[in-house]
Amino acid sequence: MAKDLTFNCTACGASTAKWSGRCDACGAWNSIVEDAGLTSGPKKHGLGKQRGKSIPLTDLATQEAEPPRTQSGVTELDRVLGGGLTKGSALLVGGDPGIGKSTLLLQAAARFARNGLRVVYISGEESNAQVQMRARRLGLEKSPVQLAAETNLRDIMTTLDNDTPDLCVIDSIQTMWSDSVESAPGSVSQVRSCAHDLTSFAKKRGMSVIMVGHVTKEGAIAGPRVVEHMVDTVLYFEGERGHQFRILRSVKNRFGPADEIGVFEMTGRGLAEVKNPSALFLSERGEPAPGSVVFAGIEGTRPVLCEIQALVAPSPHSQPRRSVVGWDGGRLAMIMAVLESRCDVPFTGLDVYLNVAGGLRINEPAADLAVAAALVSAREDAALPKEAVIFGEISLSGALRPVIQTENRLKEAQKLGFTSAIMPRAPKGTQGAGLDLREMQDLAGFVEQVFGAR
Ligand code: TYD
Ligand code: MG
């Protein structure tokens, strides 16, 4: 028989037979811990003496009724959920500690309760008094949400079983413990087992469950990725500590599109939804300055304009710094390499800083051209025209590739008062939304046309 697996990665949940300093599956350092709960050997499957029962099969054409949804009334939240909370679904809301998950979920719980759902909020981190105090601060103390401060999963399940609510919020999954698993609360096998029990209960009983998962950097507590595969919907709550914007992003959704975002603003009375994020992200923009560029992006189904800032300065170090906030460092290196080798814009001996303003995180390759423009603009100390938005993907050859949803980007730019767009060749028949379209074929042509002879 194979040797029992006794080590788990707290970041991704992968199991290994021996300890190592780095997880082979996800690359995280110092995340492998011994886990006592998974020591039972593999069970025998297949046809033994004890046969299972035969399950009914169906075909693809037969339509099952769609499970009903309930809206919270908060448009930003409902959109991320794919049009409301689906009955019997299991959700995971991940995020850094202190980012605002408990606040968001208490507000959501109150909204769903107001819209007719019976909601139970179980906190394993705070006492009832603390949750009540937060509710008062948010002006939600009259909402018909029921509370409990508990971490014992067996007691929680019995309570839910006796009187099943429509929605149960578990804050957080890492504080729950099941007595059927030996290891400590927060360990991979505890988190997995508790999430599994809650999820299967939710499916069986038509109860929705929202589990909070803290993102952990390292150490003995399992991160939310350990349960991502079990749940229907995975949302991440992100934002920069110093900024008041918070973004709820769906990274997986069996009941709607993934990659959808909801934008919130933190206030003294909780999270307020932001209906027009572009206006918010651009609100702090001043006069045109070198290194500042407006990128016309798409987040999920929605266009979002934001400012990309670059700073390029002579480096006092033998190895110049490259620092990125809100974008991918590898992608930045690639764009600098293309600028150097195809456009003769070297960055040798220069420190490069890149920042997406407002705490937004961009994943789109469509931001390539905006990043390149910010870099060249900072390096040449030449501002770009204030009324222009920029977008486009850059290939390694230096060619500019068209991007998805060009028209939506242009329409949003027009709505916010921009008059021109610097972009790759648009597909035939693209409606320009009244903007002056400056279509470019490659990066070298862009640098020459926009920044002229250098
Ligand atoms: P909290 O919801 O407790 O974060 P998490 O559950 O992710 O750890 O929020 C952290 C702190 O921020 C808390 O002290 C309350 C404060 N806060 C506000 O004042 N306003 C807000 O809109 C939010 C979201 C949080
Ligand atoms: Mg919390």
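Residues numbered from 1 in each chain as written. Chains lettered and ligands numbered in written order. Predicted model: local features only at pLDDT ≥ 70, side-chain atom pairs only at ≥ 80, totals over all residues. Heavy atoms only, no water.

S.K.: Please clarify how the overall build of the chain should be interpreted in this entry.
M.R.: Scanning the chain from N- to C-terminus turns up 10 helices and 23 strands. Expressed as lengths along the three principal axes of its C-alpha atoms, the size of the chain is roughly 80 × 55 × 50 Å. Counting only residues that meet the buried cut, the chain has 48% of its 454 residues in that class. The contacts in the chain between residues at least 6 apart in sequence include a share of 67% that link residues at least 24 apart. (Helix = DSSP H or I, 4+ residues; strand = E, 2+ residues; numbered from the N terminus. Buried < 20%, exposed > 50% of the residue type's maximum accessible area, 1.4 Å probe, protein only. Contact = heavy atoms within 4.5 Å.)

S.K.: Got a minute to help me understand the side chain of Glu 299 in this structure?
M.R.: Residue placement: Glu 299 occurs in strand 15 (residues 292–299). Overall, the relative accessible area of 7% leaves Glu 299 in the buried class. Among the polar contacts made by the side chain of Glu 299, one reaches the side chain of Arg 249 at a distance of 2.9 Å. Contact partners of Glu 299, with chain neighbours within four places excluded, come to Arg 249, Asp 259, Glu 260, Ile 261, Val 304, Arg 361 and Ile 362. (Polar contact = N/O pair within 3.5 Å; in protein donor to acceptor, adjacent residues only side chain to side chain.)

S.K.: I keep staring at the pattern of salt bridges and nothing clicks. Help me out?
M.R.: Two side chains of opposite charge can pair, provided their charged atoms sit close to one another. Evaluation of the coordinates by the stated rule reveals 17 salt bridges. The salt bridge involving Asp 232 is made with Arg 254; its shortest N-O contact spans 2.9 Å. Pair noted here: Asp 232 is in the loop between strand 10 (208–214) and strand 11 (233–238) and Arg 254 is in the loop between strand 12 (245–253) and strand 13 (261–267), with a separation of 22 residues, a long-range link. A salt bridge links Arg 401 to Glu 393; the shortest N-O distance between them is 2.9 Å. (Salt bridge = Lys/Arg side-chain N within 4 Å of Asp/Glu carboxyl O.)

S.K.: Before we go on, may I ask you to explain the packing of aromatic side chains in this structure?
M.R.: The relative placement of two aromatic rings is captured by the distance of their centres and the angle of their planes. Under the counting rule described, the total for this entry stands at three aromatic pairs. Considering the side-chain rings of Phe 245 and Phe 281, the 5.3 Å spacing of their centres and the 80° angle between planes classify their relative orientation as edge-to-face. You can see Phe 245 sitting in strand 12 and its partner Phe 281 sitting in helix 6 (residues 277–282), a full 36 residues away along the chain. By relative accessible area, which is 3% here, Phe 281 ends up buried. It is Arg 379 that lies over the ring of Phe 347; its NZ or CZ is 5.9 Å from the centre. The ring centre of Phe 391 lies 5.5 Å from the NZ or CZ of Arg 409, which sits over that ring. (Phe/Tyr/Trp six-rings, centres within 6.5 Å; stacked < 30°, edge-to-face > 60°. Lys NZ or Arg CZ within 6 Å of the ring centre and 35° of its normal.)

S.K.: Mind showing me how you'd approach the pairing of strand 10 here?
M.R.: Across a regular strand the side chains alternate sides, sitting on one face of the sheet and then on the other. Taking burial as the measure, the seven residues of strand 10 include seven buried ones, the bulk of the element. Burial along strand 10 is two-sided: Ser 208, Ile 210, Val 212 and His 214 facing one way and Val 209, Met 211 and Gly 213 facing the other are all buried. In this sheet, strand 10 lies alongside strand 6 (residues 90–95) in parallel orientation, the contact comprising six bridges. Residue pairing for strand 10: Ala 90 is matched across the bridge by Val 209. Strand direction decides the pairing type here: strand 9 (residues 167–171) and strand 10, joined by four bridges, are parallel. When the bridges of strand 10 are listed, Cys 168 appears paired with Val 209. In the classification by handedness, the crossover that spans strand 9, the intervening helix 5 (residues 188–205) and the parallel strand 10 is right-handed. (Pairing = 2+ DSSP bridges. Right-handed = clockwise from strand over helix to strand, strands pointing away.)

S.K.: How do you make sense of the sheet that holds strand 3 (residues 32–34) when you look at a structure like this?
M.R.: By way of backbone hydrogen bonds, the strands of a sheet pair with one another, either parallel or antiparallel. With antiparallel pairing, the three strands of this open sheet are ordered in space as 2-1-3. Lying at the two open borders of the sheet, with one neighbouring strand each, are strand 2 (15–16) and strand 3.

S.K.: Please clarify how the packing of helix 2 (residues 101–114) against helix 3 (residues 128–137) should be interpreted in this entry.
M.R.: To characterise two packed helices, one gives the angle between the axes of the helices and the distance between these axes. For the pair helix 2 and helix 3, the least separation of the axes is 11 Å and the interaxial angle reads 70°. In this view, helix 2 runs roughly perpendicular relative to helix 3, as classed from their interaxial angle. Every residue of helix 3 that contacts helix 2 at Ser 102, Thr 103 and Leu 106 is listed here: Val 131, Arg 134 and Ala 135. Grouping the amino acids of the contact of helix 2 with helix 3 by side-chain chemistry returns three nonpolar, two polar and one charged. (Axes fitted to C-alpha atoms, helices over the stretch in contact; angles between N-to-C directions. Parallel < 35°, antiparallel > 145°, perpendicular 65-115°, else oblique. Nonpolar A, V, L, I, M, F, W, Y, C, P; charged D, E, K, R; others polar.)

S.K.: How do you make sense of helix 3 when you look at a structure like this?
M.R.: Two residues of an α-helix separated by three or four positions point the same way, owing to the 3.6 residues in each turn. Taken as a whole, helix 3 has its buried residues at Val 131, Arg 134 and Ala 135. Seen from one end, helix 3 has its buried residues packed into an arc of 100°, which puts them on one side. Contact partners of the buried residues in helix 3: helix 2, strand 7 (119–123) and strand 8 (145–149). Count one or two residues on from helix 3 and you reach Gly 139, which has phi positive near 70°. (Arc of directions from axis to C-beta.)

S.K.: Where do I start with helix 7 (residues 329–343) in this structure?
M.R.: Between its first and last C-alpha atoms helix 7 spans 20 Å; for 15 residues at 1.5 Å apiece the expected length is 21 Å, and the two agree. Among the residues making up helix 7, those that are buried are Leu 332, Met 334, Ile 335, Met 336, Val 338, Leu 339 and Cys 343. Close packing links the buried residues of helix 7 with strand 17 (322–325), strand 18 (350–356), helix 8 (368–380), strand 20 (393–394) and helix 10 (443–451). At the exit of helix 7 stands Asp 344, carrying a positive phi of roughly 60°. (Expected span 1.5 Å × (residues − 1).)

S.K.: In this structure, what is going on with the site of ligand 1? I would like to understand it.
M.R.: Within the structure, ligand 1 sits among 14 residues, and Gly 98, Lys 101, Ser 102, Thr 103 and Arg 134 are positioned closest to it. Side-chain polar atom of Arg 134 to an oxygen atom of ligand 1: 2.7 Å apart, as the coordinates give it. A distance of 3.0 Å separates an oxygen atom of ligand 1 from a polar backbone atom of Gly 270. For ligand 1, whose unbound accessible area comes to 550 Å², protein coverage reaches 76%. Elements that contribute at least two residues to the shell around ligand 1 include exactly helix 2, helix 3, strand 13 and strand 14 (270–273). Here the element with the most residues in the shell around ligand 1 is helix 2; it accounts for three residues. Its residues assigned to classes, the shell around ligand 1 comprises four nonpolar, six polar and four charged. (Near = heavy atom within 4 Å. Areas by Shrake-Rupley, 256 points an atom, 1.4 Å probe, with all protein chains shown as cover.)

Don't take any of this as a statement about function, it's just geometry.
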